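Spelled out, the chains give:
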Amino acid sequence: EKLHQAQRGTFGNKPFVLYRGQGLSTEDFEKLKKSRRGLMSFNSFLSTSQLRDAALKFTDQASGKDGIVAVLFVMTIDPS
């Protein structure tokens, strides 16, 4: 709560964009495609970045691995 209050001044009440790059198994990726525009839940904390290129580094690490699909999540956050 303290962190939220401290960071709220950075963005005000305006929505902002964060990025997360990661590899997903082919099976999880297919599930993700089917849930388009639906709700998603994650079992782990999401580390994100305001820098798209920083998040893309994680997709690069996943790229080319068998059974893994590199995904860039683009999240619009509404702080209100």
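Residues numbered from 1 in each chain as written. Predicted model: local features only at pLDDT ≥ 70, side-chain atom pairs only at ≥ 80, totals over all residues. Heavy atoms only, no water.

Caption draft 1: View of the environment of D78. Secondary-structure assignment places D78 in the segment after β2 (68-77). The exposure class of D78 is partly exposed, given its relative accessible area of 48%. When the C-alpha atoms of D78 and K14 are compared, they prove to be 6.6 Å apart, with 64 residues separating the residues in sequence. Every residue in contact with D78, bar those within four places of it in the chain, is listed here: N13 and P15. (Helix = DSSP H or I, 4+ residues; strand = E, 2+ residues; numbered from the N terminus. Buried < 20%, exposed > 50% of the residue type's maximum accessible area, 1.4 Å probe, protein only. Contact = heavy atoms within 4.5 Å.)

Caption draft 2: Just helix α3 (residues 52-62), in detail. Along α3, the positions that sit buried rather than exposed are A55, T59 and A62. Mapping the buried residues of α3 onto a view down its axis gives an arc of 55 degrees, with all of them on the same face. Exposed residues pointing more than 90 degrees away from the buried face of α3 are listed as D53, K57, D60 and Q61. If you follow the buried residues of α3, they end up packed against β1 (16-25) and β2. Following α3 by one or two positions, G64 has its phi on the positive side, about 90 degrees. (Arc of directions from axis to C-beta.)

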